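Results of the structural survey
Residue strings, one per chain:
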Amino acid sequence: MRQTELFTKTRREAPKDEISKNAILLTRAGFIHKEMAGVYSFLPLGLGVIKNIKKIIAEEMEKLGSQEIIMSTLQNKEIWEKTDRWSDEKVDVWFKSTFKNGSEVGFGWSHEEPIMEMMKSHISSYQDLPVKVHQFQNKLRNEVRAKSGIMRCREFIMKDMYYFALTEEDNLTFYNMVIEVYLNVFRRVGLGHVTFVTSASGGVFTDEFSHEFQTICESGEDNIYVHKDGKLALNEEIFNDKTLEKLKVEKSDFEMKKAAEVGNIFNFGTKKSEQLGLSASNSNGEKKPVFLSSYGIGVTRLMGTVVEVLSDEKGIVWPKEIAPFQVHLLVLSDKVRSFADEIYQTFISHRIEVLYDDRDLRAGEKFADADLIGIPTRVVVGDKALKSKKLEIKDRATGKTREMTIENLIKELKG
RNA sequence: CGGGCCGUAGUAUAUCGGUAGUAUGCAUGCUUUGGGAGCAUGAGGGCCGAGUUCGAUUCUCGGCGGCCCGACCA
């Protein structure tokens, strides 16, 4: 894409109503627009990142055999009353409204109850199981305090997956598979080195632990304790003598870290199925409640976390897999403009996603903007290039500069 | 939901109970052109409401909005 056609602009200064690093950088670079507290729109560059994160997640969900759906945002009050989660005393993040006829309707902050209800139409026998579905959904939550830019919003994108199983063993086997798949997702978005599977309390629905995926990050809301072996991590809420005893570990081997919860998985057993009446006949014709587990990843929070963890003083540093473009092509003078145009076309013909800074600006501004936007590979075309026919390549993350031909660069990017 | 801070051009910031200034961005022109260039000219501003006052952007109250701390947090 030509940058002269990109409608967003970069800003030199941080907006006064944002303190968090993710919001400041994403706003300055033109990835997001704040509509109100905790509510953001995603602009072309931001949407590019969202799409890439979704793509990674979708690929990983596909490995698990999950099918994608989209459930409605408007939700039926009666379904939630069955599990006693309609009242504002029980769930304090509800957005609710009323139809013209006066009956109440909820805006989806979670989809567990509706999907259970929906599956009653599709699951009746053990032969129908297991069922795996996921969706990317805008969740609406009436947070009393939105904060930290896109880390905690009133409207945000979440991937949620649900697994319906005949047996507890099957449910657990899948649960453990998802842990590995999730770790892969966080590796691919560039956070593998700082993301831990963390045991946490199960909340209202599970008696034992649930698992969270926590990314070490100063702006995180949670405190987790990471074991020195680097494998075990515990949420502060269960970091007590009882837990330590159960796990046979020493308190002194843990270090406390601030972390952002980027994913969360729950094993509900048959509890919800019993509440909502979802059952399947086994081979003996007996009706048995279906086992449920659910799996969430906060897509927009994940994007914010990447910015928090990987940016530097000059701007954002996107990992290759989620960057809105692979290459940022900068032309520095009119003398080399036609040469740069050719290079732009060459990238396009090789299907390499390229943002072409064809604006009539000084070099310094282009460099500063490129640093801020954070595309992984920068290709600079200045007067020098005319003679050498070699491209100047700068890596955003390391700052290292190399010279190479367009052919070799394309080979490397494709490789 | 408790507590704190805040609301001034597109953005970011000053000052002041009596013509609201600066930077940046924007527009035009000339010069410049490898790390946010220089000069000139121009357009552009007090969140809303009430009160105090001769006069309010400034002081008081209310509203609306924003950020932070805490509480909360599938």
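For clarity, every value in this text was computed on a predicted model and none was experimentally measured.

Section: the sheet that holds strand β6 (residues 104-107)
Read across the sheet, three strands follow the order β4-β6-β5 without closing on themselves; strand pairing throughout is antiparallel. Only two strands of the sheet have a single neighbouring strand rather than two, namely β4 (74-76) and β5 (95-98). Direction aside, the axes of adjacent strands within the sheet are offset by 40° on average. Bridge count between β4 and β6: three bridges; the pairing is antiparallel. What sits directly across from Gln 75, in β6, is Gly 106.

Regarding unusual backbone geometry
A cis geometry characterises the amide bond from Leu 129 onward to Pro 130, with omega recorded as 0°. Structurally, the position occupied by Pro 130 is in the loop between α4 (112-119) and β7 (131-140). Residue Ser 148 is not a glycine yet carries a positive backbone phi of 55°. In this structure, Ser 148 sits in the loop between β7 and β8 (155-165). Here Ser 148 falls in the buried class, since 21 other C-beta atoms lie within 10 Å of it.

Some words on the sheet that holds strand β17 (residues 327-331)
Two orientations exist for strands paired in a sheet by backbone hydrogen bonds: parallel and antiparallel. Taking strand neighbours across the sheet as the criterion, the five strands line up as β18-β17-β19-β20-β21 in an open arrangement whose pairing is mixed. Only two strands of the sheet have a single partner each, and these edge strands are β18 (354-357) and β21 (401-404). Strand after strand, the sheet turns through a mean of 25° between neighbouring axes, direction not considered. Contacting β17, β18 and β19 (377-381), helix α10 (residues 363-373) runs over the sheet at an angle of about 170° to β17.

Concerning the protein's contact with RNA strand B
RNA strand B sits among 44 residues. The nearest are Asp 17, Ala 37, Ala 363, Gly 364 and Gly 382. Those elements giving two or more residues to the surface near RNA strand B turn out to be α10 and α11 (383-388). With eight residues, the top contributor of residues to the surface near RNA strand B is α10. Tallied by class, residues from the surface near RNA strand B come to 15 nonpolar, 10 polar and 19 charged.

Quick look at the packing of helix α2 (residues 44-63) against helix α5 (residues 168-188)
Remark: α2 packs on α5, axes separated minimally by 10 Å, with the N-to-C direction vectors making an angle of 155°. What the angle tells us is that α2 and α5 run roughly antiparallel. When you trace α2 past α5, the crossing you get is right-handed. Counted together, Ile 56, Ile 57, Glu 60 and Lys 63 of α2 and Val 181, Asn 184, Val 185 and Arg 188 of α5 form the full contact between these two elements. Split by residue class, the contact of α2 with α5 holds four nonpolar, one polar and three charged.

With respect to the environment of Glu 168
One can find Glu 168 in helix α5. When the C-alpha positions of Glu 168 and His 122 are compared, they lie 20 Å apart, and in sequence the two are 46 residues distant.

So, the confidence of the model for chain A
The predicted coordinates ought not to be read in detail in places where the model reports low pLDDT. Scored by pLDDT, chain A comes out at a mean of 95, with 98% of its residues at no less than 70. For this predicted complex, the interface confidence score (ipTM) comes to 0.95, while the overall pTM stands at 0.96.

Structural notes on the pairing of β21
Relative to β21, strand β20 (residues 391-395) is paired through four bridges, and the arrangement is antiparallel. Residue pairing in the sheet places Ile 393 in a bridge with Arg 402 of β21. Counting the residues that bridge the hairpin from β20 to β21 gives five residues, and of these Gly 399 lies at a positive phi of roughly 80°.

Overview of the packing of helix α1 (residues 21-28) against helix α8 (residues 299-310)
Here α1 crosses α8 at 95°, and the two axes come no closer than 8 Å. The angle between α1 and α8 falls in the class roughly perpendicular. Across the interface between the two elements, Lys 21, Asn 22, Leu 25 and Leu 26 from α1 touch Gly 304, Val 307 and Glu 308 from α8. Per-class residue counts for the contact of α1 with α8 are three nonpolar, two polar and two charged.

Reading the values: the criteria
Residue positions are counted from 1 within each chain, in the order its sequence is given. As a convention, the first chain written is A and the first ligand written is 1, with the rest following in written order. Reporting of local features is limited, given that this is a predicted model, to residues whose pLDDT is at least 70; pairs of side-chain atoms are given and counted only at 80 or more, and all residues count toward the totals for whole chains, interfaces and linings. Two strands form a pair only when DSSP identifies at least two bridges running between them. Only runs of H or I of at least four residues qualify as helices and only runs of E of at least two qualify as strands under DSSP, and these elements are numbered from the N terminus. Comment: axis = line fitted to C-alpha atoms, over the contacting stretch for helices; angle = value between 0 and 180 degrees taken between N-to-C directions. The burial label depends on the number of other C-beta atoms within 10 Å of a residue's C-beta. Counts of 20 or more mean buried, 12 or fewer mean exposed, and intermediate counts mean partly exposed, with C-beta atoms placed from the backbone. Note that contacts rest on C-beta atoms placed from the backbone: two residues are in contact if these are within 7 Å. In this text, near has one meaning. A residue is near a molecule or strand if its C-beta atom, placed using the backbone, is within 6 Å of it. In this classification, the charged set is Asp, Glu, Lys and Arg, the nonpolar set is Ala, Val, Leu, Ile, Met, Phe, Trp, Tyr, Cys and Pro, and all remaining amino acids, among them Gly, are polar. Here the word oblique covers every angle except those under 35 degrees (roughly parallel), over 145 (roughly antiparallel) and from 65 to 115 (roughly perpendicular). Crossing handedness is defined as follows: a turn of the near helix away from the far one that is anticlockwise and smaller than a right angle gives a left-handed crossing, while the clockwise case is right-handed. Every residue is assigned a pLDDT by the predictor, reflecting its confidence on a scale from 0 to 100.

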